[in-house]
Amino acid sequence: MAVSGGTLVGRELEQRQLRDVLARAVAGEGSLVLLAGEAGVGKTRLATHVLAGGPARFVRGAAAPACAPYGPVTAAFREHLRSTPRALDDCGPLRDRLAQLLPELGPATPSEDRATLVEAIRCGLQAIVADRPAAMLLDDLQWSDEATLELLAALALALRDLPLLVVAAYRSDELARAHPLRRLRHDLRRDRALREVVLEPLDRDGTAALLADLAGDRPSDALVATVHDRTGGTPFFVEELWAALEAERRVRPTPEGLALDLDQDVPLPRTVRDAVLVQVAGLSPAARAAAEAAAVAGPRFDLAVVAGPDGEAGLAELLATGLVVETAPGTAAFRHPLTRDALYEDVPWLRRRALHRRLAEALDRDGGDHAEVAAHRLAARDTAGGVDALVRAIADRVAVHAHRDAARLGRQALDLWPEGERGPARIALLEGHARSAELAGDLAEAARAQREVVSARRAEGAGRALADAERRMAAIYALQGDRRRALVARQVAAEAFAANGLPGEAAAERLVMAQYHQSSGTHVQAVAAAAQAREEAVRAERPDLQARAMGLEGVARVKRGEPEGLETVRAGLSLALAHGLTPVAAEVYQRLGTAHEIAGDYPGARDALDTALGLCDADSALGEVCRACMAYVLRELGDWDEVDTLCRTLIAPDAGPQDTLVADGVLGAVLAWRGDPGAAVPLLTRCLETATQIDVVSMQCDSLAALAGVAAREGDRGRAVEHCRALLGRWGRSEDHHYAVWGLRWAAGWLAGEGELALARGCTEALSAIATSAGHPDALAALAFALAELALAEDDVEGAVAQFDRVVELHAGLQIPFERAQVLVRAAAAAAAAGQDDVALERLADAHALARDLGARPLAEDVVAAVGALDASLEDVVGRRAAAEHETAGLSPRELEVLRLVAAGLTNREVAGRLVLSTRTVDMHVRNILTKLRCRTRTEAATRAGELGLLLSTPGVG
């Protein structure tokens, strides 16, 4: 394929493919299309020929080596703004977030998380198509930053609702095995959103057609054979070779067509480089200098930077040759990147270094991207300047949550750091690198960097910095499942915090240590750690930590056979309730239940909760708070029937929305999890509205997460994503975090599975912050879960299985059965993907038992579907009775008879006559059917029965 004189040669199939998706975009169904082919095959020209001048607005951007975060998309926005300067004004407050990428928009507001920045970019895309469909070409993505590729994966499905076609072009011959474009292709394939057009080199007939168009005459068969053999049918090389032949007058007409003049001594160019150099041989010294400077600058460059103080004449001559074209005011690019490659290789080494140095200084002065500055300084052998620029480039990428890119640059900067220098700057770089590597999912790299941080801090002495470093080290070890090392790091952190007059921080670390000891069965150490944490919490005047420590200490004492441990737990519970610490009380309630269960006193577990309510009853106002707190805790403990009863007493007809706030959210969530969205959504919506009005952050996040789950279950993907985004945003504006753990965990997993990887990583970042600051085991388990889901979404099955094993292990010590059941289902999916069917079925059996006990029918149905996907016997996995219940939706044989007759249109009286029952008995059966099917009317029940395949033919029913 080539364009000569405006005529496209060949590629009829590829043109039809692009025109088809363009027509769909114009009609409102946008998409992302990958355009692949080796260098010089004509990707850019094909896309430009089809997309430009058509019914859609055409904008383009391109990546370059050392590309800035979101560089290609930013370039496309910038091109659109040149023609429509106020195009992004309708983005409202998100416009200020876009200003992070486009400084010309004005002052920027930093994005709280990556998800907000992605939403701002999505808003910018909507602005481009506000008045007209658009086609966007993002070129040379083999050089792209990873943030852009993650963005494309996140936006691929959303494009279906926009009149926007995005064509992402890349060189298929430059993709290493670990290239992030391969992950993008995997993500798109998983979401069934992979559309790809692949360009191959021209065949001999195509080469002949291109030569005829370039020459304006018929080439001879011999010329075609020679050119095709030399170029391999790569259109760009064909054009360059023809231009070189023309420049040397190597072609003459013959009766058979144009032929090579073989009498000359000059050899035929064998490479693109040879062909290009033939064309530039006649340039003046000034133009040759401009060509060298442009080649060193890169495939795309700033004209003023390349020209320098006295090179305008030479640059003008270079532009006149057509090797370089002006793409926008003040900006130019080589006609093809391969042209630049050929010229760059021909620049003498010493001159190349000098040019790199000059360009680095100019870019630095003019505010260029720091990664580009670093590339030039390193090419000029200025290692110190290159490292400084890399450090600034890393900060730029962290600011826009491009952690994969930040980690890649961080590794480069650390490798280049002068040996033996371990000053504050290197330690700061290491700390940031460890954080970015963790958030990018590279735990091994995060651990390596953080260990070096710890070593450096230890050399400085046992100060606060060492304590913080050991805390971060412990969190990374815990994510890796290395509990022994995590425990050692926590111990060092606790002692360092205590030595520096920070007893509260020391107490928090010792609480995590106590949890580790308790779950591993070393109860003497657990009691010691919890007791010390309790003393430090008292000194710090932190009742929240004191109550948690008492709960842990009490449970550990019970496990050692000391009955008085129950009183310690009760005292911690009373302390939490007295200070209104609902999330802490929830944790201590779990400890108390565990203590009674260990002692074999199951009625005592419930009595302990009643005692807590009795404490609240001492004051009527506090009593309402205590009952609401109890409802929340019982929900987490899985006593959903009691939750239903308690919440309905709180939701009195004369109660105001503020009085029923917690009950609305807690009961709504339980109803949703039991499969009754019709009853759940009004309660959850009222809870969210009230919590938002009076700014009760705990119930805002709780109801948002539950509503997201309902929307996801009902297939309303857009609303589910919207709720997840709101949950993540609300969490980020609060210092109170524990209550959001379960919602962020679920959101991270669901979003990863849906391909919304930017939002999923935002939830993972939030969980990382919570797990690091609080050290709660459920937060650590939730973070490990989120990382496992991301690994699974990125096709890292081995990594996902390892992380899920860790999650299952962590949940074994947590009294949150519904979350454990959800975790087991997802862990089973990972095991099945790894071919571990026995492990998967074992986990599905455990999940089903939990779901069945809870009455969480939708989750139980997920288990049934997963068992079926493994071609296993449902009866063997969940038992004969449970399997039969699934086949009949839990209805008895008599209820099935009644349901089939009701669905056939019979009244209760007619059913009674048919089955020889009393009308009252039929009324009872109908009520039970409606309850079990979670339906409100007979019509809904009939529809649901049809969906479940329960409406078999009934004798006597016509």
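These numbers come from a predicted model, not from an experiment. (Residues numbered from 1 in each chain as written. Predicted model: local features only at pLDDT ≥ 70, side-chain atom pairs only at ≥ 80, totals over all residues. Heavy atoms only, no water.)

Brief notes about the overall build of the protein chain
Part 1 of the argument: Looking only at helices and strands, the protein chain features 48 helices and 12 strands.
Part 2 of the argument: Seen along its three principal axes, the alpha-carbon backbone of the protein chain occupies a region of about 105 × 85 × 50 Å.
Part 3 of the argument: Within the protein chain, the fraction of its 958 residues that count as buried is 55%.
Part 4 of the argument: The contacts in the protein chain between residues at least 6 apart in sequence include a share of 65% that link residues at least 24 apart.
Part 5 of the argument: Counting only carbon and sulfur atoms, one obtains 51% of the accessible surface of the protein chain, whose full area is about 38900 Å².
Part 6 of the argument: Across the protein chain, the mean location of the 108 positive side-chain charges is 1 Å away from that of the 137 negative side-chain charges. (Helix = DSSP H or I, 4+ residues; strand = E, 2+ residues; numbered from the N terminus. Buried < 20%, exposed > 50% of the residue type's maximum accessible area, 1.4 Å probe, protein only. Contact = heavy atoms within 4.5 Å. Areas by Shrake-Rupley, 256 points an atom, 1.4 Å probe, with all protein chains shown as cover. Lys, Arg positive; Asp, Glu negative; His and termini not counted. Charge placed at Lys NZ, Arg CZ, Asp CG, Glu CD.)

Considering helix α6 (residues 146–155)
Part 1 of the argument: In terms of residue burial, α6 counts as a mostly covered element, since 10 of its 10 residues are buried.
Part 2 of the argument: Here α6 has its buried residues at E146, A147, T148, L149, E150, L151, L152, A153, A154 and L155.

A few points about the packing of helix α32 (residues 661–673) against helix α33 (residues 677–694)
Part 1 of the argument: Packing of α32 against α33 brings their axes to within 8 Å, and their N-to-C directions diverge by 145°. Between α32 and α33 lies a crossing of left-handed hand. Contact residues: L661, D664, G665, L667, G668, A669, L671 and A672 in α32; A679, A680, L683, L684, R686, C687, T690, A691 and I694 in α33. (Axes fitted to C-alpha atoms, helices over the stretch in contact; angles between N-to-C directions. Left-handed = near helix turned anticlockwise from the far one by under 90°.)

As for the side chain of E819
Part 1 of the argument: Inspection of the secondary structure assignment puts E819 in helix α40 (residues 817–833).
Part 2 of the argument: At 3.0 Å, the side chain of E819 and the side chain of R745 are in polar contact.
Part 3 of the argument: Setting aside chain neighbours within four positions, we find E819 in contact with E636, W742, R745 and H811. (Polar contact = N/O pair within 3.5 Å; in protein donor to acceptor, adjacent residues only side chain to side chain.)

Observations concerning unusual backbone geometry
Of all residues except glycine, most have a negative phi; of all peptide bonds, most are trans.
Part 1 of the argument: The phi angle at R381 is positive, at roughly 65°, despite the residue not being glycine.
Part 2 of the argument: Looking at the secondary structure, you find R381 in the loop between α17 (370–379) and α18 (383–399).
Part 3 of the argument: You will see that D871, though not glycine, has its phi angle at about 55°, which is positive.
Part 4 of the argument: When you line up the elements, D871 lands in the loop between α42 (857–869) and α43 (874–878).
Part 5 of the argument: A residue is classified by how much of its surface remains accessible, and D871, at 74% relative accessible area, is exposed.

Some points on the packing of aromatic side chains
Part 1 of the argument: For the structure shown, the criterion picks out 7 aromatic pairs.
Part 2 of the argument: Relative to F334, the ring of F301 lies with its centre 5.9 Å away and its plane at 65°, an arrangement referred to as edge-to-face. Remark: F334 occurs in strand β12 (residues 331–334) and F301 occurs in strand β10 (residues 300–302); sequence separation between them is 33 residues. Of the two residues examined, F301 and F334, each falls in the buried class.
Part 3 of the argument: A connected cluster of aromatic rings, assembled from ring pairs, spans W640, W673, W742 and F818.
Part 4 of the argument: Note that R352 overlies the ring of Y344, its terminal NZ or CZ placed 4.5 Å from the centroid. (Phe/Tyr/Trp six-rings, centres within 6.5 Å; stacked < 30°, edge-to-face > 60°. Lys NZ or Arg CZ within 6 Å of the ring centre and 35° of its normal.)

A closer look at the side chain of R114
Part 1 of the argument: Examined against the element boundaries, R114 turns out to sit in helix α5 (residues 114–128).
Part 2 of the argument: You can call R114 buried: its relative accessible area is 1%.
Part 3 of the argument: In this structure the side chain of R114 is engaged in a polar contact, spanning 2.5 Å, whose partner is the side chain of Y70.
Part 4 of the argument: Looking at R114, its side chain comes within polar contact range of the side chain of E150, at 3.3 Å.
Part 5 of the argument: Those residues in contact with R114 that lie beyond four places of it in its chain are Y70, A147, E150, L151, H401 and A758.

Quick word on the sheet that holds strand β11 (residues 324–328)
Part 1 of the argument: Sheet architecture is open: 3 strands sit in the order β10-β12-β11, paired in antiparallel fashion. Every other strand in the sheet has two partners, leaving β10 and β11 as the edge strands with one partner each. Recorded for the sheet is a direction-independent mean angle of 35° between the axes of neighbouring strands.
Part 2 of the argument: Sheet topology note: the β10/β12 ladder contains 3 bridges and is antiparallel. Pairing of R300 across the sheet is with A333, part of β12. (Pairing = 2+ DSSP bridges.)

Some thoughts on the sheet that holds strand β3 (residues 31–37)
Part 1 of the argument: Read from one edge of the open sheet, 5 strands run β4-β5-β6-β3-β7, paired in parallel fashion. Every other strand in the sheet has two partners, leaving β4 (57–62) and β7 (196–198) as the edge strands with one partner each. Pairwise comparison of adjacent strand axes, ignoring direction, gives a mean angle of 20° for this sheet.
Part 2 of the argument: Relative to strand β5 (residues 134–139), β4 runs parallel, the two sharing 6 bridges. Bridged to R57 within β5 is A134.
Part 3 of the argument: Contacts from helix α1 (residues 12–26) reach β3, β5, β6 (164–171) and β7 within the one sheet, and its direction differs from that of β6 by about 145°.

Digging into the pattern of salt bridges
Part 1 of the argument: Scanning all chains against the criterion turns up 62 salt bridges.
Part 2 of the argument: R185 is paired through a salt bridge with E196; the nearest N and O atoms lie 2.7 Å apart. Taken together, the residues R185 in helix α7 (residues 180–190) and E196 in strand β7 connect sequence positions 11 residues apart.
Part 3 of the argument: Among the ionic pairs, R635 bridges to E636, the shortest N-O distance being 2.9 Å.
Part 4 of the argument: Salt bridges sharing partners connect three or more residues here, namely R411, D415, R426, E445, R448 and E452. (Salt bridge = Lys/Arg side-chain N within 4 Å of Asp/Glu carboxyl O.)

Topic: the nonpolar core
Part 1 of the argument: Formed by 159 residues in total, the largest nonpolar core has its most connected members in L744 and L751.
Part 2 of the argument: By size, the runner-up hydrophobic cluster in this structure holds 57 residues, among which are F77, L105, A153 and L175. (Core = buried A, V, L, I, M, F, W, Y, C linked by side-chain atoms within 4.5 Å.)

A look at the state of the cysteines
Part 1 of the argument: By the definition in use, this model includes 0 disulfides.
Part 2 of the argument: The thiol of C763 is not disulfide-bonded; the next cysteine sulfur, from C724, is found 6.3 Å away.
Part 3 of the argument: The class for C763 is buried, based on a relative accessible area of 0%. (Disulfide = S-S within 2.5 Å.)

Describing the environment of A328
Part 1 of the argument: Among the secondary structure elements, A328 is positioned in strand β11.
Part 2 of the argument: Given a relative accessible area of 9%, A328 falls into the buried group.
Part 3 of the argument: C-alpha of A328 to C-alpha of E79: the two residues are 249 residues apart in sequence and 8.0 Å apart in space.

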